[in-house]
Amino acid sequence: MNVRIEPSWGEALKDEFEKPYFRELASFLHAEKQKGVVIYPKGGDIFNAFKYTPVDSVKVVIIGQDPYHGAGQAHGLSFSVPDGVTPPPSLKNIFKEIETDLGVKMSGKGNLEKWCRQGVLLLNASLTVRAGQPSSHSHIGWEYFTDAVIKYLSDNKEGIVFLLWGSYARGKKALIDTSRHHVLEAAHPSPLARGAFFGCRHFSKTNGILLSEGKEPIDWVL
């Protein structure tokens, strides 16, 4: 597997890359490709969350479940889509909540790299998926890797705001030391949650917490 990762993350996670599960994971993905299975995102984008947001810049973590499984949508950042791609329904609902919460107007562009460059780690629990098959790579070993990421941040950083949307993300709360960090929980932004996400005000709440920690707030407007 071609692991393109920012140097600080390479150092933080070097032990994980050497563990048997990671080698098995890499072998599995290689075998999938050898069989002609289409995997998203493309290889060079799998670790994008770690390329744009170095360890020491992480202020906020938004945990997703797995990448989008439609053609051209996934590019290694949870909930985000590349330039020129129509935002999927969950992302549209995130934008609606931002507009209501902050009294702003979003452009409708779905590329969230701007957030990453301000310290928002957009982390999917699984970093790959088969085309057209949601959660198809959810039990191949990625959860060990991404759980290690969450645990590393919890143990080695202070005052990070973790946004846990939906039952799957909420299940990661046990990995977080809530005496050192902040956890905000809400329903998933998917339309399947029937609007339960709306009104969580996580974006203004996050910025309030960051200001109380003496950190720059996030400019959520795209």
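Residues numbered from 1 in each chain as written. Predicted model: local features only at pLDDT ≥ 70, side-chain atom pairs only at ≥ 80, totals over all residues. Heavy atoms only, no water.

In the nomenclature of an unreviewed UniProt entry, the protein chain is known as Uracil-DNA glycosylase of Candidatus Merdivivens faecigallinarum. According to its UniProt record, the protein chain has this under Catalytic activity (unreviewed entry): "Hydrolyzes single-stranded DNA or mismatched double-stranded DNA and polynucleotides, releasing free uracil." The protein chain has a UniProt comment under Sequence similarities (unreviewed entry) that states "Belongs to the uracil-DNA glycosylase (UDG) superfamily. UNG family." (UniProt positions renumbered as here; feature names shortened; annotations may be inferred.)

K.L.:
Requested: an account of the packing of helix α3 (residues 20-34) against helix α7 (residues 142-156), with residues and values cited.
P.N.:
Relative to each other, α3 and α7 sit at 130°, their axes nearing to 9 Å. Between α3 and α7, the angle is such that the two are oblique. For the element pair α3 and α7, the recorded crossing hand is left-handed. Contacts between α3 and α7 involve Tyr21, Phe22, Leu25 and Leu29 from the former and Trp142, Tyr144 and Phe145 from the latter. Residues belonging to the contact of α3 with α7 are distributed by class as follows: seven nonpolar, no polar and no charged. (Axes fitted to C-alpha atoms, helices over the stretch in contact; angles between N-to-C directions. Helix = DSSP H or I, 4+ residues; strand = E, 2+ residues; numbered from the N terminus. Parallel < 35°, antiparallel > 145°, perpendicular 65-115°, else oblique. Left-handed = near helix turned anticlockwise from the far one by under 90°. Contact = heavy atoms within 4.5 Å. Nonpolar A, V, L, I, M, F, W, Y, C, P; charged D, E, K, R; others polar.)

K.L.:
Go over the UniProt feature "active site" (unreviewed entry) in the protein chain, please, and point to the residues and values.
P.N.:
The UniProt record marks Asp66 with the feature "active site" (unreviewed entry), using the residue numbering of this structure. Looking at the secondary structure, you find aspartate 66 in the loop between β2 (60-64) and α5 (89-102). Polar contacts involving the side chain of aspartate 66 include one to the main-chain amide nitrogen of serine 135, which spans 2.5 Å. (Polar contact = N/O pair within 3.5 Å; in protein donor to acceptor, adjacent residues only side chain to side chain.)

K.L.:
Just give me the short version of the sheet that holds β2, but keep the residues and values in it.
P.N.:
The parallel open sheet is built from four strands, whose spatial order is β3-β2-β5-β6. Edge strands, defined here as strands with exactly one partner in the open sheet, are β3 (120-124) and β6 (182-186). Between one strand and the next, the sheet's axes are offset by a mean angle of 20°, whatever the strand orientation. Note: strand β5 (residues 161-165) against β6, five bridges, orientation parallel. Opposite leucine 163, over in β6, you have leucine 184 as the bridge partner. In the packing of α7 onto the sheet, contacts are made with β2, β3 and β5, and the angle to β3 comes to roughly 150°. (Pairing = 2+ DSSP bridges.)

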